[in-house]
Amino acid sequence: MISQFFIKRPVFAWVIALVIMGAGALSINNLAVEQYPNIAAPKVSISATYPGASAQTLENTVTQIIEQNLTGIDNLRYIQSQSSSSGQSTITLTFEPGTDSDIAQVQTQNKVSQAESSLPQAVQRQGVAVRKAGSSYALIVGFYSTDESFSRNQISDFLASTLEEPLSRVDGVGQIQTFGPEHAMRIWLDPNAMFNFNITTQDVISAIREQNVQLATGQIGGTPSVEGQQLNATITAQALLSTVEEFEDILLRVSQNGSQVTLQDVARVEIGAENYRVLGRYNRYPASGIAIELSSDANALETIQAVKDRVNEFKDVIPEQLEIVYPVDISPFVEASIVEVIKTLLIAIALVVLVIYVFLQTTRATLIP
């Protein structure tokens, strides 16, 4: 009965078919383009660093303190935590499927803020990071030196200072991580020399904090000005130290006889890596890289291509000794999946047309559906 109704009213059947096709054409452009469907439970990670602390100390003074404050968060399923001997604490919160990840992150951040005052000062200075945890990386942009003229620490410092921030602003990029540290002034204390001069580690830390500061000492000719004044200038008494020699000359002690003990007498000062937890190599060459994690509503193909285009814009800035590689790139998999979907759709159309033609035996009736 229904088939006869549409066969006798071809114009009406054409209108319905065109409406369905139009709705499909509008919908296909709004479909998410990603490697996997977004069905996993959202996660939020909390990371804190306590330099020099053992795993047990980190567990007692940082991890447990934060966990005790993670109460009353909506849709929270369970908590996983890890305290490593390298001083890194990681807490992962898993929420019920369908939970808004942005709301979950905000609620977690509020709870962590309440716990920060109870954490050790060293942890507070490092900061406690709260971010949405992704399941996998969509793209890793790798850089390696074939002639080994760049060390892995130099490569990672270049990426952190030059590329990390521009790539994080690309539309569709959710989280970004650089594999490797930035440069930092490293001070390696000599315990024997410190014992001979009767100097403690706290003495060294206090001296560095007191002498490596940016002081604002006021102005010459600031308001209220006197009659006839024509000059107004800012006074700079001391700037932050930046070279190895300046750090070596930090004064630790002055004796009554006028002798001085400086930092170079009890320590070796050098510009090194901020930390040495990451060792990067690519095909046995020194390497580092930037990992890209997509936002929840990002188009994988467009975002990955936009990141690659952004990297190409920095070709004039990137040293010639550095080669660019993409060891992780999900775009070929996504493109292959789209091709398979299109092939399946064409095969389905052909089968439908064939079956209808076999049963109806008329070309006119076959073209309608």
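Each chain carries its own residue numbering, running from 1 in the direction its sequence is written. Predicted model: local features are reported for residues with pLDDT of at least 70 only, side-chain atom pairs are reported and counted for 80 or more only, and whole-chain, interface and lining totals are derived from all residues. Values shown for side chains rest on all heavy atoms present in the structure; no hydrogens or waters enter the calculation.

Draft legend 1. Seen up close, the overall build of the protein chain. For the purposes of this entry, the term helix denotes a DSSP run of H or I that reaches at least four residues, the term strand denotes a run of E that reaches at least two, and both are numbered from the N terminus. The helix and strand inventory of the protein chain stands at 13 helices and 15 strands. Relative to the compact-globule value of 21 Å for 369 residues, the protein chain shows a C-alpha radius of gyration of 31 Å, a clear excess of over 25%. When the 369 residues of the protein chain are sorted by exposure, 30% land in the buried category. Considering only contacts in the protein chain between residues 6 or more positions apart, those separated by 24 or more positions represent 73%. As displayed, the protein chain offers around 23100 Å² of accessible surface, 53% of which is attributable to carbon and sulfur atoms. Here the protein chain holds 22 positive side-chain charges and 37 negative ones, and the gap between their average locations is 12 Å. Our radius of gyration is a C-alpha quantity, and the globule rule it is checked against amounts to 2.2 Å times the number of residues to the power 0.38. Only protein chains enter the area calculation, which uses a 1.4 Å probe; residues under 20% of their type maximum are buried, those over 50% are exposed, and those in between are partly exposed. Contact definition: two residues touch when any of their heavy atoms are within 4.5 Å. Accessible surface area values rest on a Shrake-Rupley calculation with a 1.4 Å probe, where residue burial reflects the displayed protein chains alone. Note that His is not counted, nor are the chain ends; the positive residues are Lys and Arg, and the negative ones are Asp and Glu. For the purpose of locating charges, the reference atoms are NZ of Lys, CZ of Arg, CG of Asp and CD of Glu.

Draft legend 2. Broad picture of the nonpolar core. Among the nonpolar cores identified, the biggest contains 22 residues, and F143, L159, L163, V307, V311 and I318 are the most heavily contacted of them. Elements supplying a minimum of two residues to this core: β5 (139-145), α6 (152-168), β14 (285-294) and α11 (300-313). Ranked by residues supplied to this core, first place goes to α6 with 5 residues. In this description, a nonpolar core means a group of buried Ala, Val, Leu, Ile, Met, Phe, Trp, Tyr and Cys residues linked to one another through side-chain atoms lying within 4.5 Å. Y50, A104, V112 and V128 belong to the second-largest nonpolar core, a separate cluster that totals 20 residues.

Draft legend 3. The packing of aromatic side chains, seen in detail. For Phe, Tyr and Trp, where Trp contributes only its six-membered ring, two rings pair if their centres lie within 6.5 Å, and the inter-plane angle classes them as stacked under 30 degrees, edge-to-face over 60, or tilted in between. Applying the stated criterion across every chain, the model contains 3 aromatic pairs. Ring centres of Y144 and Y282 lie 5.0 Å apart, and the angle between their planes is 35 degrees; this geometry places the pair in the tilted category. Of the two residues, Y144 is situated in strand β5 and Y282 in strand β13 (residues 281-282); the sequence distance between them amounts to 138 residues. Here Y144 and Y285 contribute two aromatic rings whose centre-to-centre distance is 5.9 Å and whose plane-to-plane angle is 25 degrees, an arrangement assigned as stacked. Within this pair, whereas Y144 is found in strand β5, its partner Y285 is found in strand β14, the two being separated by 141 residues in sequence. On the accessibility criterion, Y144 (13% relative accessible area) is buried.

Draft legend 4. Looking closely at a nonpolar patch on the surface. Patch definition: residues above 30% relative accessible area lacking any salt bridge, with like charges linked at up to 9 Å and the nonpolar side chains Val, Leu, Ile, Met, Phe, Trp and Tyr linked at up to 5 Å. In what follows, salt bridge is the name for a side-chain nitrogen of Lys or Arg lying within 4 Å of a carboxyl oxygen of Asp or Glu. Side chains of I7, I347, L351, L354, V355, Y357, V358, F359 and L360 sit close together on the surface and give an oily, nonpolar patch of about 860 Å² of accessible area. The element contributing the most residues to the nonpolar patch is helix α12 (residues 331-360), with 8 residues. Residue position: I7 is located in helix α1 (residues 2-8). On the basis of relative accessibility, which here comes to 30%, the residue I7 falls in the partly exposed class.

Draft legend 5. The packing of α11 against α12, seen in detail. Between N-to-C directions, angles span 0 to 180 degrees; the directions come from axes that are lines fitted to C-alpha atoms, helices contributing only their stretch in contact. At their nearest, the axes of α11 and α12 sit 10 Å apart, and the two run at 145 degrees to each other. The chirality of how α11 crosses α12 is left-handed. Taking contact as the criterion, the partners of A300, L301, I304 and K308 in α11 are, on α12, S331, V334, E335 and I338. Of the residues that constitute the contact of α11 with α12, the class distribution is 5 nonpolar, 1 polar and 2 charged. Handedness of a crossing is defined here by the sense of rotation of the near helix relative to the far one, left-handed for an anticlockwise turn of less than a right angle and right-handed for a clockwise turn. Residues are sorted three ways: Asp, Glu, Lys and Arg are charged, Ala, Val, Leu, Ile, Met, Phe, Trp, Tyr, Cys and Pro are nonpolar, and all the rest, Gly among them, are polar.

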